[in-house]
Amino acid sequence: SGPISIGRRRRSGALASSIKGTMEDRRDSSDERMLVIVPPHPLIKHWISVLRNEETPCPIFKNAMAELGRLLIYEASRDWLPTVTGEIQSPMGVASVEFIDPREPVTFVPILRAGLALVEHASSILPATKTYHLGVKRNESTLQPSIYLNNLPDKLPEGSRVFVVDPMLATGGTIIAAIDMLKDRGVENRQIKVISAVAAHPALQKLSERYPGLHVYAGIIDPTINEKGYILPGLGDAGDRIFGT
Ligand code: URA
């Protein structure tokens with residue numbers, strides 16, 4: 001396994017950790033490292049703290065997840081969205097302008113069910129997007145993922161930018177199953193950004209070994225998981241806390 005260095009400053013002041021990959025099978029950009037970015041924003045710290053609190057009631061928990069998602073998607077779209085430039089007539093004169101290019105495909109892939117809350121405000125930031133849902137269930141005893149819903153098309157449009165939204169990266173099994181499905185549909189590592197609330201080291205280590213060039217945006221990084229695959233200290237079962245079940 002490769003070195004993990006957390007705390008290196010990268011563009012825009014984002015706190016980043018760089019994890020060098022070691023496995024060959026899924027490589028498509030062998031000289032790149034996976035990046036984990038924890039944007040140093042006080043609102044992100046705030047919403048993570050609300051989520052961590054075991055006394056946070058269900059509707060407030062759900063809202064905190066949605067607000068966190070909005071901030072992480074905003075940060076992850078920085079420097080990533082193609083624009084078109086031109087000139088426009090303002091009431092006071094001609095001005096140079098730059099718009100998001102609506103022809104470039106941007107896609108959200110929320111992982112059910114907890115991903116639904118994290119992706120809730122995505123369309124307020126990026127309205128011209130497509131959303132394909134993926135249902136991935138974890139077997140409670142083997143911790144192996146199985147896919148029970150797949151809305152992905154057989155192929156994604158050339159050059160798609162894909163946000164995979166999964167609040168809890170614990171063992172890494174679920175997110176790896178999701179990314180492998182995208183790769184089977186022609187999407188490369190550098191076209192994918194993972195959005196998560198809490199990312200644990202075991203998941204990050206596996207992701208870094210399989211997908212060099214991948215970017216992971218997380219609200220916080222936690223050190224470990226327990227024998228049942230829950231993140232420590234984490235925030236409990238995100239789906240149960242969002243939906244109250
Ligand atoms: N999924 C959750 O909801 N919580 C965890 O801690 C790990 C996986």
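Residues numbered from 1 in each chain as written. Predicted model: local features only at pLDDT ≥ 70, side-chain atom pairs only at ≥ 80, totals over all residues. Heavy atoms only, no water.

## A short note on the overall build of the protein chain
When you go through the protein chain residue by residue, the secondary structure sums to seven helices and 15 strands. Pairs at least 24 residues apart make up 63% of the contacts formed inside the protein chain by residues separated by at least 6 positions. Entry remark: accessible area of the protein chain is about 11,700 Å², with carbon and sulfur atoms responsible for 53%. (Helix = DSSP H or I, 4+ residues; strand = E, 2+ residues; numbered from the N terminus. Contact = heavy atoms within 4.5 Å. Areas by Shrake-Rupley, 256 points an atom, 1.4 Å probe, with all protein chains shown as cover.)

## Observations concerning the pattern of salt bridges
Taken as a whole, this structure holds nine salt bridges when the rule is applied. Put simply, Glu 75 and Arg 78 hold a salt bridge, and the shortest N to O gap is 3.2 Å. Assessed through its relative accessible area of 13%, Glu 75 is described here as buried. Judged by its relative accessible area of 31%, Arg 78 falls in the partly exposed class. Between Arg 210 and Asp 180 there is a salt bridge; the shortest N-O distance is 2.8 Å. Here the residue Arg 210 occupies a position in helix α6 (residues 201-210), and Asp 180 occupies one in helix α5 (residues 173-184), the gap between them amounting to 30 residues. (Salt bridge = Lys/Arg side-chain N within 4 Å of Asp/Glu carboxyl O. Buried < 20%, exposed > 50% of the residue type's maximum accessible area, 1.4 Å probe, protein only.)

## Brief notes about the site of the ligand
Around the ligand, the surrounding shell consists of Arg 138, Met 168, Ala 170, Gly 229, Tyr 230, Ile 231, Gly 236, Asp 237 and Ala 238. In this structure, a nitrogen atom belonging to the ligand sits 2.8 Å away from a main-chain N or O atom of Gly 236. Its free accessible area being 240 Å², the ligand has 88% of it covered by the protein chains. A molecule is said to occupy a pocket when more than half its atoms come within 2 Å of that pocket's grid points, and by this definition the ligand occupies the largest pocket. Taken together, the residues of the shell around the ligand break down into five nonpolar, two polar and two charged. (Near = heavy atom within 4 Å. Polar contact = N/O pair within 3.5 Å; in protein donor to acceptor, adjacent residues only side chain to side chain. 1 Å grid on protein atoms, 1.4 Å probe; cavity = no way out; pocket = protein on both sides within 12 Å on 5 of 7 lines; lining within 4 Å. Sits in = over half its atoms within 2 Å of the grid points. Nonpolar A, V, L, I, M, F, W, Y, C, P; charged D, E, K, R; others polar.)

## Quick word on helix α2 (residues 58-77)
Between the first and last C-alpha of α2 there are 28 Å, a value that for 20 residues agrees with the 28 Å anticipated at 1.5 Å per step. Phi for Asp 79, located one or two positions after α2, is positive at around 65°. (Expected span 1.5 Å × (residues − 1).)

## Some points on the UniProt feature "domain: Phosphoribosyltransferase" (unreviewed entry) in the protein chain
Taken from the UniProt record, the annotation "domain: Phosphoribosyltransferase" (unreviewed entry) applies to residues 38-245. Taken end to end, residues 38-245 is 32% helix and 31% strand, and its two terminal C-alpha atoms sit 29 Å from one another. (UniProt positions renumbered as here; feature names shortened; annotations may be inferred.)

## Observations regarding the pairing of strand β10 (residues 161-165)
Within β10, five of the five residues are buried, which leaves it mostly tucked inside the rest of the structure. Burial along β10 is two-sided: the residues Arg 161, Phe 163 and Val 165 and Val 162 and Val 164 are all buried. Note: strand β6 (residues 106-112) against β10, five bridges, orientation parallel. Each bridged residue has a counterpart across the sheet, and for Val 106 the counterpart in β10 is Arg 161. (Pairing = 2+ DSSP bridges.)

## Focus on the environment of Ala 218
Mapped onto the elements of the fold, Ala 218 is located in strand β13 (residues 215-222). Accessibility expressed as a relative area gives 0% for Ala 218, which makes it buried. Here Ala 218 is in contact with Ile 37, Val 38, Pro 39, Leu 72, Ser 196, Ala 197 and Ala 199, once residues within four sequence places are set aside.

## What about the layout of surface pockets?
Considered as a void within the structure, the largest pocket measures approximately 670 Å³ in volume. Around the largest pocket, the lining is made up of 28 residues, and of these Leu 112, Val 136, Arg 138, Asp 237 and Gly 239 lie nearest the centre. Split by residue class, the lining of the largest pocket holds 13 nonpolar, eight polar and seven charged. (Points joined across faces, edges and corners; volume = space filled by probe spheres on them.)

## As for the packing of aromatic side chains
Tallied over the full model, the rule gives two aromatic pairs. A ring pair is formed by Trp 80 and Phe 163, whose centres lie 5.1 Å apart and whose planes are at 75°; its orientation type is edge-to-face. Note that Trp 80 is positioned in the loop between α2 and β4 (83-90) and Phe 163 in strand β10, a separation of 83 residues in sequence. For Phe 163, a relative accessible area of 0% puts it in the buried group. Seen in terms of ring centroids, Phe 108 and Phe 163 are 5.0 Å apart; in terms of plane orientation they differ by 15°. Their pairing is stacked. Of this pair, Phe 108 sits in strand β6 while Phe 163 sits in strand β10, and the two are 55 residues apart along the sequence. Take Phe 108 and Phe 163: they sit in the same class, and that class is buried. The structure contains a cluster of three or more aromatic residues connected by ring pairs, namely Trp 80, Phe 108 and Phe 163. (Phe/Tyr/Trp six-rings, centres within 6.5 Å; stacked < 30°, edge-to-face > 60°.)

## Observations regarding the packing of α5 against α6
It is the contact of α5 with α6, at a shortest axis distance of 10 Å, that shows an interaxial angle of 25°. What the angle tells us is that α5 and α6 run roughly parallel. Crossing handedness for the pair α5 and α6: right-handed. Where α5 approaches α6, its residues Ile 175, Ile 176, Ile 179 and Asp 180 are matched on the opposing element by Lys 206, Leu 207 and Arg 210. Its residues placed into classes, the contact of α5 with α6 shows four nonpolar, no polar and three charged. (Axes fitted to C-alpha atoms, helices over the stretch in contact; angles between N-to-C directions. Parallel < 35°, antiparallel > 145°, perpendicular 65-115°, else oblique. Left-handed = near helix turned anticlockwise from the far one by under 90°.)

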